[in-house]
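# Topology and contacts: notes
In case you want the letters, here they are:
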Amino acid sequence: MTVDDFLAQARAELARVSPAEADELRREGALLVDIRPIADRAAEGEIPGSVPVERIHLEWRLDPSSDHRLPQVAPDTKVIVLCNEGYASSLAARDLKRLGLTTATDLVGGFRAWAAAGLPVVAGGRPAVP
């Protein structure tokens, strides 16, 4: 199996969303989780209301059964994971689905597609949730 096969399998499990769809879901209360490194968030900005969670902490902060989860996370929470261009986020969203977040998905094209679509961006660089 190649990394491309691995990615295709992950994406087959997701109902991925476009930037416009993610924006609508965000306005309806979906949780946008930004797994980009702080340097990328500082350089390019962040989506308003998104929560920065480093990839190495993601499963612990979003597992609905974890004592370390974010307080707003429940099994029915709509979670949209984003990275720079939508590759790492596909793998991360697949993992969250396997942990019980059945509607977890990711943003097609990542943050850069969001910004290119002219959707809201604010100055970045906030520390990730520890």
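Going by the structure above, here's the rest.
Every value quoted in this text rests on a predicted model; they were computed, and no experiment measured them.

What you see with strand β1 (residues 31–34) is no split at all: Leu-31 and Val-33 on one side and Leu-32 and Asp-34 on the other are buried throughout. Pairing between β1 and strand β3 (residues 79–82): 4 bridges, direction parallel. Bridged to Leu-31 within β3 is Val-79. Of the pairings in the sheet, the one linking β1 to strand β2 (residues 51–52) comprises 2 bridges and is parallel in character. Bridge pairing links Val-33 to Val-51 in β2.

Further remarks concern the side chain of Arg-61. Positionally, Arg-61 belongs in helix α4 (residues 58–62). Glu-59 is the oppositely charged side chain nearest to the buried, salt-bridge-free Arg-61, at an N-O distance of 9.8 Å.

Okay, the sheet that holds β2 next. The strand order β2-β1-β3-β4 describes an open sheet built from 4 strands, whose pairing is parallel. For this open sheet the edge positions go to β2 and β4 (105–106), each flanked by a neighbour on one side alone.

Take Gln-72: it is sitting in the loop between α4 and β3. With near-sequence residues (within four places) excluded, Gln-72 lies in contact with Leu-31, Val-51 and Thr-77.

Enumeration over the complete set of coordinates arrives at 0 aromatic pairs. Seen from the ring of Phe-111, Arg-36 lies directly overhead, with NZ or CZ sitting 3.9 Å from the centre.

On to the packing of helix α1 (residues 3–12) against helix α5 (residues 88–98), then. The angle between the axes and the distance between the axes are what describe a pair of packed helices. Contact geometry for α1 and α5: axes closest at 9 Å, N-to-C directions at 50°. The angle between the axes of α1 and α5 places the two elements in the oblique class. Here α1 and α5 pass one another in a crossing that is left-handed. The segment α1 lies against α5, with Phe-6, Leu-7, Ala-10 and Arg-11 engaging Ser-90, Leu-91 and Arg-94.

Attention shifts here to the pattern of salt bridges. Overall, the coordinates contain 14 salt bridges when judged by the stated rule. Notably, a salt bridge pairs Glu-44 with Arg-112, separated by 2.9 Å at the nearest N-O pair. Placement of the pair is Glu-44 in helix α3 (residues 38–44) and Arg-112 in helix α6 (residues 110–116), with a sequence separation of 68 residues. Taking relative accessible area as the criterion, Glu-44 reaches 29% and is therefore assigned partly exposed. Two residues, Glu-85 and Arg-112, come together in a salt bridge whose shortest N-O distance is 3.2 Å. Here Glu-85 is found in the loop between β3 and α5, whereas its partner Arg-112 is found in helix α6, with 27 residues between them in sequence. When salt bridges with common partners are traced through the structure, they connect Asp-23, Glu-24, Arg-26 and Arg-27 into a single cluster.

Rules and cut-offs
- Residues numbered from 1 in each chain as written.
- Predicted model: local features only at pLDDT ≥ 70, side-chain atom pairs only at ≥ 80, totals over all residues.
- Heavy atoms only, no water.
- Buried < 20%, exposed > 50% of the residue type's maximum accessible area, 1.4 Å probe, protein only.
- Helix = DSSP H or I, 4+ residues; strand = E, 2+ residues; numbered from the N terminus.
- Pairing = 2+ DSSP bridges.
- Lys, Arg positive; Asp, Glu negative; His and termini not counted.
- Salt bridge = Lys/Arg side-chain N within 4 Å of Asp/Glu carboxyl O.
- Contact = heavy atoms within 4.5 Å.
- Phe/Tyr/Trp six-rings, centres within 6.5 Å; stacked < 30°, edge-to-face > 60°.
- Lys NZ or Arg CZ within 6 Å of the ring centre and 35° of its normal.
- Axes fitted to C-alpha atoms, helices over the stretch in contact; angles between N-to-C directions.
- Parallel < 35°, antiparallel > 145°, perpendicular 65-115°, else oblique.
- Left-handed = near helix turned anticlockwise from the far one by under 90°.

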